[in-house]
Amino acid sequence: MRSMKEFMDVGIVHFMAYPTTIRGEGPIFETVKKIAVDDYFDAIEITWIKDDAERKRVAELVKTAKLEVRYGAQPRLLTTGLNPNHIDETERVKAEQTLLEAIDEAEELGCPGIAFLSGKYEESTKDQAFDSLVKTTNNLCAYAAEKGMNVVLEIFDYDIDKKSLIGPTSLAKKFADTIKAKHSNFGLMVDLSHIPMYYESLTESLDPIKDDIVHIHIGNTVIDDVAHKGYGDQHIYFGYDNSENDVEEVRAFLQHCIDIGLIAPDNRKIVSFEVKPLGDEDADAVVANAKRTLNKAWIKIKA
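The following refers to the structure shown. (Residues numbered from 1 in each chain as written. Predicted model: local features only at pLDDT ≥ 70, side-chain atom pairs only at ≥ 80, totals over all residues. Heavy atoms only, no water.)

## Observations regarding the side chain of N220
Then, in step 1: Considering the arrangement of structural elements, one finds N220 in the loop between β7 (213–218) and α9 (247–259).
Then, in step 2: On the basis of relative accessible area, N220 is assigned to the buried category, the value being 0%.
Then, in step 3: Side chain to side chain, N220 and S243 meet in a polar contact 2.9 Å long.
Then, in step 4: Within the local environment of N220, its side chain forms a polar contact with the backbone nitrogen of N245, the two atoms lying 2.7 Å apart. (Helix = DSSP H or I, 4+ residues; strand = E, 2+ residues; numbered from the N terminus. Buried < 20%, exposed > 50% of the residue type's maximum accessible area, 1.4 Å probe, protein only. Polar contact = N/O pair within 3.5 Å; in protein donor to acceptor, adjacent residues only side chain to side chain.)

If you want it as structure tokens, here you go:
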């Protein structure tokens, strides 16, 4: 067996695993430290940290631990209702401004760029919204390029939970082509937990954009029962009752990524768990579930 570390750096989305930190407050340093001292992880994804002193402490901690750090700006939009593809220019600019601030903060934390998501999908205005998102992203890429940084757009569902413009893979491909025509510092992020929510197979969701994908998440979802507490984009633990993803689905996903060259020893990427405790679930136990799931999946991979 070849080590998974030959093919990828294993990461975790900190602000999902420890959701009390998602608004840029709470026990950020203490929970980042849990990941920093765990050598299972090569990378961590963090988000805004409102306190300047806390941000500096975290930056020093992850540097000391030799963790790769990535910045998820999604909470800056999801917790505030800001929309980077709003067709009202005043509202669009508000979203753009917080994302520009995210680039500055990511730089402070030693991150090479930011990741974000598109705003709401509305069938009647999707063409106008697409143009608005292009405008926002072009501006972000230009600003990030001045700092030698990059911009990544995560693909979400369009009609279940986040209801984001980007969206189905066909639209993600069109968007990536549009932005990359002007900016080389742009890429896409896929998430195993989102693929069932936009009703696509692994081939449909990965193959058309394999050259655009720069970052990968693996997680879980429930889509068959609207009344289920894990329904939608809740990032429940792997193997949750009536859920979509467990060991076999993680294996199939990673195997397909290897088969199409999306991850390889000469094309390593960060593959991060995005898992979240629900209700009274213990966050550390949810993280342990993810690690065990990946371990069991990897030993079945033909690499």
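## Thoughts on the packing of aromatic side chains
Then, in step 1: Scanning all chains against the criterion turns up eight aromatic pairs.
Then, in step 2: Residues F130 and F175 carry aromatic rings whose centres are separated by 5.7 Å and whose planes lie at 90° to one another, so their mutual orientation is edge-to-face. Linking F130 in helix α6 (residues 126–146) with F175 in helix α7 (residues 169–180), this pair joins segments that are 45 residues apart in sequence.
Then, in step 3: Classification of F130 as buried rests on a relative accessible area of 7%.
Then, in step 4: When the ring centre of F29 is taken as origin, the NZ or CZ atom of R57, which lies over that ring, is 3.8 Å away.
Then, in step 5: Positioned above the aromatic ring of F130, the side-chain terminus of K174 is 4.7 Å from the ring centre. (Phe/Tyr/Trp six-rings, centres within 6.5 Å; stacked < 30°, edge-to-face > 60°. Lys NZ or Arg CZ within 6 Å of the ring centre and 35° of its normal.)

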